[in-house]
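# Notes for the structure review
The primary structure of each chain is shown beneath.
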Amino acid sequence: MNPLTIFARRFVAGERPQDAVRVGERLHAKGIKATFDKLGEDVLDQAAARRATEASKELLRLIPGGIERNVSIKMSSMGQEISRDLCLENVSGILDVAKEVGGFVRLDMEGSKLTRDTIETFHELRKRHDNVGIVLQAALHRTPDDVKEAVRRGDRVRLCKGAYKEPPQVALQDMGEIRRAFMACARTLLDGGSYPALGTHDETLIGETIAHAKAQGIAPSRFEFQMLYGLRKGRWGELVRDGYNLRIYVPFGTHWIPYFYRRLRERRENVLFVLRNLFR
Ligand SMILES: Cc1cc2nc3c(=O)[nH]c(=O)nc-3n(C[C@H](O)[C@H](O)[C@H](O)COP(=O)(O)OP(=O)(O)OC[C@H]3O[C@@H](n4cnc5c(N)ncnc54)[C@H](O)[C@@H]3O)c2cc1C
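Reading guide: rules and limits
- Residues numbered from 1 in each chain as written.
- Predicted model: local features only at pLDDT ≥ 70, side-chain atom pairs only at ≥ 80, totals over all residues.
- Heavy atoms only, no water.
- Phe/Tyr/Trp six-rings, centres within 6.5 Å; stacked < 30°, edge-to-face > 60°.
- Helix = DSSP H or I, 4+ residues; strand = E, 2+ residues; numbered from the N terminus.
- Buried < 20%, exposed > 50% of the residue type's maximum accessible area, 1.4 Å probe, protein only.
- Near = heavy atom within 4 Å.
- Polar contact = N/O pair within 3.5 Å; in protein donor to acceptor, adjacent residues only side chain to side chain.
- Areas by Shrake-Rupley, 256 points an atom, 1.4 Å probe, with all protein chains shown as cover.
- Nonpolar A, V, L, I, M, F, W, Y, C, P; charged D, E, K, R; others polar.
- Expected span 1.5 Å × (residues − 1).
- Contact = heavy atoms within 4.5 Å.
- Salt bridge = Lys/Arg side-chain N within 4 Å of Asp/Glu carboxyl O.

## Overview of the packing of aromatic side chains
Overall, the coordinates contain four aromatic pairs when judged by the stated rule. Taking the centre distance of 6.1 Å and the plane angle of 45 degrees together, the rings of Phe223 and Tyr244 count as tilted. Of this pair, Phe223 sits in the loop between helix 8 (203-216) and strand 7 (224-228) while Tyr244 sits in the loop between helix 9 (233-241) and strand 8 (245-252); the two residues are 21 residues apart in sequence, bridging distant segments of the chain. Of the residues examined, Phe223 reaches a relative accessible area of 1% and is grouped as buried. Judged by its relative accessible area of 10%, Tyr244 is buried. Here Tyr249 and Tyr259 contribute two aromatic rings whose centre-to-centre distance is 6.2 Å and whose plane-to-plane angle is 5 degrees, an arrangement assigned as stacked. With Tyr249 in strand 8 and Tyr259 in helix 10 (residues 257-266), the pair connects residues that are ten residues apart, well separated along the chain. Pair check on accessibility: Tyr249 and Tyr259 agree, each one buried.

Below you can see the structure in the form of C-alpha cells.
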C-alpha cells in the first residue's frame, strides 16, 4: 500500500477482494452481516466498465459459503454515463451471477445527476431480477415519492441521508430537516416496505427507528441497520446483542479517494482522525 493509503485504512478494508472477505469473515463470527463494495465510480470508458463488471462477478464468486453474498455497486462504474444499454447489460450480468451463487446486489445511489436514471434502470432490472435493491437519499426533495413507489412495488430499499453535496433546488440543506425527512421515510418503509435497511450512524435516528418498530409491533427481523466500515464500531455489538440485524458496508480497492473524501466531508471527527495520524 502506498503511504497515503494509511489514512484511508480506517474506512477501507484493503486493496484486494480477499482483504474485504477476511473482514466479512470476522464480522460474521460476531453475528454481523456485510455488504462488499469494490470502490470505483464515474467510469467513462467501455473497457473499464467491463472490467468493473467482471470484478463484481468475481467478488460474488469469491465470497465463501456461509457468509451472505451481498455486494453493493455503483452503476457509474458499470457504464451508466456511457449508455443505459451498456449499463443494463453489465448490471444484468452481475445479477445473473448473484443468482447463481444465491447473492444480492444493492445499487448505491450517487449524485443527483444520476438519480432518475438509476431509479429507471433499477425498475428495468426488477422486471427480470428479484435479487437487487436500491438506495434512496432522505435529503432529496423527490425521495418521499420514491419511497412510496418503492413500497408499492415491493422494492428493497436502503435509506440514507445522502452523501453528495446537492443544491437547494434538489435537496434539503438543514440537518434537522434531513433528519425529519429520514424518519418520515423510515416509518413508511418500516410499516409497509420489503425488509428495509436503515443506513445511518446517527443515534437519534437509530433510537427513533427502534422506538417506532416497538410501538408498531414490527419485529427486528423485518429490517436491518447498516453502518460503514470504520465508523461507530462500539455500537455494532450492542445492536446485535439487542437482537437487531446489522450489516456493515465493507469497501475495498485502490480507487478510494472519492469515497474517503465523502467520509471526511461528513464528519469533523473523521478529519481529526486523519490529522492525528498525520502527526503521529
Ligand atoms: C451502509 C451505508 C451505505 C450508504 N450508502 C450510500 C449511498 O449509496 N449513497 C449516498 O449518497 N450515501 C450513502 N451513505 C452515506 C449516508 O448518506 C451519509 O452520508 C452518512 O451515513 C452520514 O450520515 P449519518 O446519518 O450516518 O450520520 P452523520 O450525519 O454523519 O452524523 C450525525 C450524528 O450521528 C452520530 N454519529 C455519527 N457518526 C458517529 C460516530 N462515528 N460516533 C459517534 N456518533 C456518531 C452523531 O450524533 C452525529 O452528530 C451510506 C451510509 C451507510 C451507513
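## Considerations on the site of the ligand
Lining the immediate surroundings of the ligand are 25 residues, of which Lys161, Gly162, Thr200, His201 and Glu266 lie closest. Within the side chain of Gln137, a nitrogen or oxygen atom sits 2.8 Å from an oxygen atom of the ligand. Take Arg158: an N or O atom from its side chain is 3.1 Å from a nitrogen atom of the ligand. Look at the ligand: alone it shows 940 Å² of surface, and the protein chains cover 83% of it. Elements supplying a minimum of two residues to the shell around the ligand: strand 4 (132-137), strand 5 (157-160), helix 7 (175-192), strand 7 and helix 10. It is strand 7 that contributes the most residues to the shell around the ligand, three residues altogether. Considered class by class, the residues forming the shell around the ligand number nine nonpolar, six polar and ten charged.

## Overview of helix 8
With 14 residues, helix 8 should reach 20 Å at 1.5 Å per residue; the first-to-last C-alpha distance of 20 Å fits that figure. Tucked inside the fold, the buried residues of helix 8 contact helix 7, strand 6 (197-199), strand 7 and helix 9. In the stretch just after helix 8, Gly217 is the one whose phi turns positive, near 70 degrees.

## Here's the deal with the pattern of salt bridges
For the coordinates displayed, the defined rule picks out 25 salt bridges. The partner of Asp117 in a salt bridge is Arg84, with the nearest N and O atoms 2.8 Å apart. One end of the pair, Asp117, is in helix 5 (residues 115-126); the other, Arg84, is in helix 4 (residues 84-100), and 33 residues separate them in sequence. Between Arg152 and Glu149 there is a salt bridge; the shortest N-O distance is 2.8 Å. With Arg152 and Glu149 both in helix 6 (residues 143-153) and three residues apart, this pair spans about one turn of that helix. The exposure class assigned to Arg152 is exposed, which follows from its relative accessible area of 62%. Classification of Glu149 as partly exposed rests on a relative accessible area of 25%. Three or more residues are tied together by salt bridges with common partners; here these are Lys33, Glu68, Glu224 and Arg247.

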